[in-house]
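So you can see what is in the structure, the chains are spelled out below.
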2 protein chains.
Amino acid sequence: MAVTFRPLLATLGLSALLLVPASAQALEVDKAIEYRQDALRVMAWQLGPMGDMAQGDIDYDAEAFARRASNLAAVSHLPWEGFIEGSLRNDGHGIETRALAAIGDDWADFEERQATLRQEAATLAEMAEAGEEFNALRRQVGAVVNSCRACHDNYRAD
Amino acid sequence: MAVTFRPLLATLGLSALLLVPASAQALEVDKAIEYRQDALRVMAWQLGPMGDMAQGDIDYDAEAFARRASNLAAVSHLPWEGFIEGSLRNDGHGIETRALAAIGDDWADFEERQATLRQEAATLAEMAEAGEEFNALRRQVGAVVNSCRACHDNYRAD
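One structure accompanies this document, and this report is about it. Numbering of residues begins from 1 in every chain and follows the order in which that chain's sequence is written. Naming scheme: in the order in which they are written, chains are lettered from A and ligands are numbered from 1. With the structure being a predicted model, the display of local features is reserved for residues of pLDDT at least 70 and the display and counting of side-chain atom pairs for 80 or more, all residues being used for whole-chain, interface and lining totals. Computation of side-chain values: all heavy atoms of the structure, hydrogens and water removed.

**Side note on the overall build of chain A**
Segments assigned H or I by DSSP are reported as helices when at least four residues long, segments assigned E as strands when at least two residues long, and all are numbered from the N terminus. Summing up its helical and strand segments, chain A has 7 helices and 0 strands in all. Reading chain A from its N end, one meets helices and strands in the order α-α-α-α-α-α-α. Only protein chains enter the accessibility calculation, which uses a 1.4 Å probe; a residue whose area is less than 20% of its type maximum is buried, one above 50% is exposed, and one in between is partly exposed. Of all 158 residues assigned to chain A, the portion counted as buried reaches 44%. Sequence separation of 24 or more characterises 69% of the internal contacts of chain A that already satisfy a separation of 6 or more. Only the protein chains shown count as covering a residue, and every accessible area follows the Shrake-Rupley method with a 1.4 Å probe. Accessible surface for chain A amounts to roughly 7,800 Å². Of this, 48% is attributable to carbon and sulfur atoms. In what follows, a contact means two residues having at least one pair of non-hydrogen atoms within 4.5 Å.

Below, the structure written as structure tokens:
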């Protein structure tokens, strides 16, 4: 089975993850930055329609909202493992990232803010699942957005 | 509240989702392709370490495996909404994508293959959650990989 897995994974575009190149650390940083940016964009995509509904730009659809909220809660766990050592801006890897060096100055605070987002997103998903009314969901979307912003204000370049 | 949401979402990089540009459809295709590629890469990232464990390239870690399997099952629902009309290769949008026109020839089959992946990933997550033994998990990773490959073979350019 070990023999058959490698080509299978290679066909999935996973071969880069399976190789150990000369500069393994550089590749790791490269991949980690790409991964977290991918995951954060997926998170924004899931949040977007809930923001649109909260703003009244599109009609409120309880089923779509609940699905988005559930997806957002799941995805809210994912990006953070991409913030590995040596992957912040100015770390000399030459890869474009808006993740400020300030993250490294207070990693505990950065992790606390991640936890806040996860909690706010989980609360939103639970509320939607429980069929709470739109005004309450709307306020909770605001809480989620605020938790995103609280982190961006401190740790993301403009 | 409608007034305060817009700048909040704009700071999250969501402003593009909130505007209605002259070529709304072109923007939508652009965003949909980027989104599905992001989500598919996040899926590959989550699958990667389970593949490494299945191959014996890294040590089996039951807790890490179960977390990956749970993440994979959640993410397995996400990419597909990015396959919107007019977003396949050769649809004239000028955006690089490996999604073949063959998808449009048999959309029902494409959706059935998505469902198979979701099912295989859900099964893997349930097995890991239930604490099944490594050899069984390893075989199920193979089933997940096969479901990825079955779709790529038919619908993704090399």
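**Concerning the pattern of salt bridges**
If charged atoms from side chains of opposite charge come close, those side chains can pair. Salt bridge, as used here, is a side-chain nitrogen of Lys or Arg placed within 4 Å of a carboxyl oxygen of Asp or Glu. Across all of its chains, the model carries 8 salt bridges over all chains by this definition. Here R68 of chain A ties to E81 of chain B by a salt bridge, and the two come within 2.7 Å at their closest N and O atoms. Here the residue R68 of chain A occupies a position in helix α4 (residues 62-75), and E81 of chain B occupies one in the loop between α4 (62-75) and α5 (102-105), the pair thus bridging two chains. Judged by its relative accessible area of 9%, R68 of chain A is buried. A salt bridge links D109 of chain A to R113 of chain A; the shortest N-O distance between them is 2.7 Å. Here the residue D109 of chain A and the residue R113 of chain A both occupy positions in helix α6 (residues 107-129), the gap between them amounting to 4 residues, near one helical turn. Salt bridges linked by common partners bring D38 and R41 of chain A together with D38 and R41 of chain B together as one network.

**Re the side chain of R138 of chain B**
Inspection of the secondary structure puts R138 of chain B in helix α7 (residues 134-155). In terms of polar contacts, R138 of chain B uses its side chain to reach the backbone carbonyl oxygen of A54 of chain B, at 2.6 Å. N or O atoms within 3.5 Å of each other form a polar contact, as long as, within protein, one can give a hydrogen and the other can take it, and as long as residues adjacent in sequence are counted only when both atoms are side-chain atoms.

**Quick word on the side chain of Q46 of chain A**
You can see Q46 of chain A is positioned in helix α3 (residues 24-55). Only 2.9 Å separates the side chain of Q46 of chain A from the side chain of R68 of chain A, close enough to count as a polar contact. In this structure the side chain of Q46 of chain A is engaged in a polar contact, spanning 2.9 Å, whose partner is the side chain of Y35 of chain B. Sequence-distant contacts of Q46 of chain A, that is, excluding residues within four places in its chain, are made with R68, N71 and L72 of chain A together with Y35, L78 and E81 of chain B.

**Remarks on the packing of aromatic side chains**
For Phe, Tyr and Trp, where Trp contributes only its six-membered ring, two rings pair if their centres lie within 6.5 Å, and the inter-plane angle classes them as stacked under 30 degrees, edge-to-face over 60, or tilted in between. According to the stated counting rule, one finds 16 aromatic pairs over all chains in the structure shown. When the ring of Y35 of chain A is compared with that of W45 of chain B, the centres are 4.2 Å apart and the planes differ by 15°; the resulting orientation is stacked. Placement of the pair is Y35 of chain A in helix α3 and W45 of chain B in helix α3 (residues 24-55), with the two residues belonging to separate chains. Under the relative-accessibility criterion, Y35 of chain A is labelled buried at 2%. Note on Y60 of chain A and F65 of chain A: the rings are 5.8 Å apart at their centroids and 65° apart in plane angle, and the pair reads as edge-to-face. Connected via pairs of aromatic rings, a cluster forms that spans W80, F83, W107, F110 and Y155 of chain A. Charge-over-ring contacts are defined here by two conditions on Lys NZ or Arg CZ: a distance within 6 Å of the ring centre and an angle within 35 degrees of the ring normal. Stacked on the ring of F83 of chain A, the Lys or Arg R36 of chain A has its end atom at 4.4 Å from the ring centre.

**Concerning the environment of E129 of chain A**
Tracing the chain through its elements places E129 of chain A in helix α6. On a C-alpha basis, the gap between E129 of chain A and A115 of chain A in space is 21 Å, while along the polypeptide they are 14 residues apart.

**Digging into the packing of α4 of chain B against helix α6 (residues 107-129) of chain B**
All names here are of chain B. A fitted line through C-alpha atoms represents every axis, and for helices the fit uses only the stretch in contact; the resulting angles, taken between N-to-C directions, go from 0 to 180 degrees. The contact between α4 and α6 brings their axes to 8 Å, and the two run at 150°. It follows from the interaxial angle that α4 and α6 lie roughly antiparallel. Along this stretch, α4 crosses α6, giving a crossing that reads as left-handed. Between α4 and α6, the residues in contact are F65, A66, A69, S70, L72 and A73 and A121, A122, L124, A125 and A128, respectively. Taken together, the residues of the contact of α4 with α6 sort by class into 10 nonpolar, 1 polar and no charged. Throughout this description, any angle smaller than 35 degrees is read as roughly parallel, any larger than 145 degrees as roughly antiparallel, any in the 65 to 115 degree range as roughly perpendicular, and the remainder as oblique. In this scheme, a crossing is called left-handed if the near helix is turned counterclockwise away from the far one by less than a right angle; it is called right-handed if the turn is clockwise. When residue character is reported, Ala, Val, Leu, Ile, Met, Phe, Trp, Tyr, Cys and Pro are called nonpolar, Asp, Glu, Lys and Arg charged, and the others, Gly included, polar.

**Some details on the packing of α6 of chain A against helix α7 (residues 134-155) of chain A**
The relative placement of two packed helices is expressed as an angle between their axes plus a distance between the axes. Residue and element names in this part refer to chain A. At their nearest, the axes of α6 and α7 sit 9 Å apart, and the two run at 165° to each other. As summarised for this structure, α6 and α7 are arranged roughly antiparallel, according to the angle between their axes. The two elements α6 and α7 cross, and the hand of that crossing is left-handed. Together, D109, F110, R113, T116, L117, E120, A121, T123, L124, M127 and A128 of α6 and A136, L137, Q140, V141, A143, V144, S147, C148, A150, C151, N154 and Y155 of α7 make up the contact between the two elements. Here the contact of α6 with α7 is built from residues that sort into 15 nonpolar, 5 polar and 3 charged.

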